[in-house]
Amino acid sequence: MAVFSLCFRAATATKTPNAAVSAAAAFSYLIRPLSHSFSSSSSCSSSTFDPEIDLSRNKSAGLGTLKREPKGRNVQWVFLGCPGVGKGTYASRLSNLVGVPHIATGDLVRDELASSGPLSSQLKEIVNQGKLVSDEIIIDLLSKRLEKGEAKGESGFILDGFPRTVRQAEILEGVTDIDLVINLKLREEALLAKCLGRRICSECGGNYNLASIDIKAENGRPGMHMGSLPPPPECASKLITRPDDTEEVVKNRLRIYQSTTRPVEGFYRSRGKLLAFDLPGGIPESWSKLLRALNLEDHGSKHPAAA
Ligand SMILES: Nc1ncnc2c1ncn2[C@@H]1O[C@H](COP(=O)(O)OP(=O)(O)O)[C@@H](O)[C@H]1O
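First, a word on scope: everything that follows refers to the structure included in this document.

Each value, and the rule that gives it
- Residues numbered from 1 in each chain as written.
- Predicted model: local features only at pLDDT ≥ 70, side-chain atom pairs only at ≥ 80, totals over all residues.
- Heavy atoms only, no water.
- Near = heavy atom within 4 Å.
- Polar contact = N/O pair within 3.5 Å; in protein donor to acceptor, adjacent residues only side chain to side chain.
- Areas by Shrake-Rupley, 256 points an atom, 1.4 Å probe, with all protein chains shown as cover.
- Helix = DSSP H or I, 4+ residues; strand = E, 2+ residues; numbered from the N terminus.
- Salt bridge = Lys/Arg side-chain N within 4 Å of Asp/Glu carboxyl O.
- Buried < 20%, exposed > 50% of the residue type's maximum accessible area, 1.4 Å probe, protein only.
- Lys, Arg positive; Asp, Glu negative; His and termini not counted.
- Contact = heavy atoms within 4.5 Å.
- Pairing = 2+ DSSP bridges.
- Axes fitted to C-alpha atoms, helices over the stretch in contact; angles between N-to-C directions.
- Disulfide = S-S within 2.5 Å.
- Expected span 1.5 Å × (residues − 1).

Bringing the site of the ligand into the picture now. Close to the ligand lie 18 residues, the nearest being Thr105, Arg110, Lys131, Gly161 and Arg253. Between the ligand and the protein, one listed contact pairs a nitrogen atom with a side-chain N or O atom of threonine 105 at 2.9 Å. Protein contacts shield 96% of the accessible area of the ligand, which totals 550 Å² for the unbound molecule. Here the element with the most residues in the shell around the ligand is helix α5 (residues 105-114); it accounts for four residues.

Pasting the structure below:
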């Protein structure tokens, strides 16, 4: 198992401007980097199936090599993509398949909000406006989650929602080797509708989506269908909407993605780690193609309708 020593949480609590960076220097994994050579286009929304997702030319991306690295380390992947693109859904499915934890920083933030801890009221205002919380806070929450996982013997991860700034990416790069960054892309017309259609079961936490999207073929662009992900009957009366999934806030989050997170794509592209995947539709249309792009196979494992 990978030896994973994490000791930057305390340091991130300090108030020096470069606290997170210097803290990160104290955060070390004893792992060996894998080398991948992927590239991507830069758009978050695209109607075409990106030919660069065909990794058949790069067999090292397959489960055989990536699921468990020769020294015994599990995969360390990152999911990038606009709000509403489906990062949580696909990251969760892949984490079940590959056998590593799916760690979503948005979930860590929401857990912190629900805990009514000291950060809670400060975070509430930021999150409900669709803004990003500070790098220090997010790294602190992520560190705690990784420490807990380490104590339980977890190794490897699929990160969803982190890094979201170039500074976060630099910190992460400084402390560990990310094997692969999957950049999910979906047509812009679908993103807002998908965010507004999101529902969570207040009892079991299941994620569903009421939006059913049909985009007609136009001007040489193919049409696209994304079915809804309806809740099972037992959840139907318990659905809630995230407070930051209102139209105004989603539009703000999309703007922040363009200005602040988009450069993270370039950060990983220049390091040859970025794999662009244009979602051709909903889960039925996309899942098997994503697996093919990753040289993975899913031998009938059971998935919930949504992450
Ligand atoms: N890496 C991060 N850096 C800063 N803020 C974050 C980060 N991850 C999550 N957040 C906060 O949590 C909110 C919800 O995150 P998430 O569930 O990932 O949203 P989205 O659906 O926009 O991808 C974000 O709008 C932001 O306020």
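Taken as a whole, this structure holds 19 salt bridges when the rule is applied. When the shortest N-O distance is used, the salt bridge between aspartate 278 and lysine 185 registers 3.8 Å. Here lysine 185 lies in strand β6 (residues 180-185) and aspartate 278 lies in strand β12 (residues 274-278), a separation of 93 residues in the sequence. Here aspartate 278 matches lysine 185 in class, with each residue buried. The salt bridge involving aspartate 245 is made with arginine 253; its shortest N-O contact spans 3.0 Å. For arginine 253, a relative accessible area of 10% gives the class buried.

Along the chain, the position of lysine 87 falls in helix α4 (residues 87-98). Buried lysine 87, no salt bridge; nearest opposite-charge side chain is aspartate 160, N-O distance 4.8 Å. Once residues within four sequence positions are removed from consideration, lysine 87 is found in contact with Phe79, Leu80, Gly81, Cys82, Asp160, Gly161 and Leu184.

Turning our eyes to something else, we now look at the environment of leucine 141. On the secondary structure map, leucine 141 appears in helix α7 (residues 135-151). Each C-alpha atom of the pair leucine 141 and leucine 108 lies 6.5 Å from the other, and the pair is 33 residues apart in sequence.

Relative to the helices and strands, arginine 187 is located in the loop between β6 and α9 (188-196). Arginine 187 sits 91 residues away from aspartate 278 along the chain, and the two C-alpha atoms are 8.4 Å apart. Within polar-contact distance, the side chain of arginine 187 engages the backbone oxygen of proline 222 at 2.6 Å.

Attention now goes to the sheet that holds β12. On the basis of which strands lie adjacent, the open sheet formed by five strands has the order β4-β5-β3-β6-β12 and parallel pairing. If you trace the sheet from one side to the other, it starts and ends with β4 (102-104) and β12, each paired once. Taken over all neighbouring pairs, the strand axes of this sheet differ in orientation by 20 degrees on average, direction set aside. Relative to strand β5 (residues 157-160), β4 runs parallel, the two sharing three bridges. Within β5, the residue paired with histidine 102 across the bridge is isoleucine 158.

Time to look at the state of the cysteines. The final tally for this structure, using the stated rule, is zero disulfides. This cysteine, cysteine 204, is not joined by any disulfide, and cysteine 235 carries the nearest cysteine sulfur, 3.7 Å off.

The end-to-end C-alpha distance of α7, which contains 17 residues, comes to 24 Å, matching closely the 24 Å that a straight helix rising 1.5 Å per residue would cover. Along α7, the residues that are buried comprise Asp135, Ile137, Ile138, Ile139, Asp140, Leu141, Leu142, Ser143, Arg145, Leu146 and Gly149. One or two positions beyond α7, positive phi appears at glycine 153, with a value near 90 degrees.

Keep in mind these numbers describe shape, not what the thing actually does.
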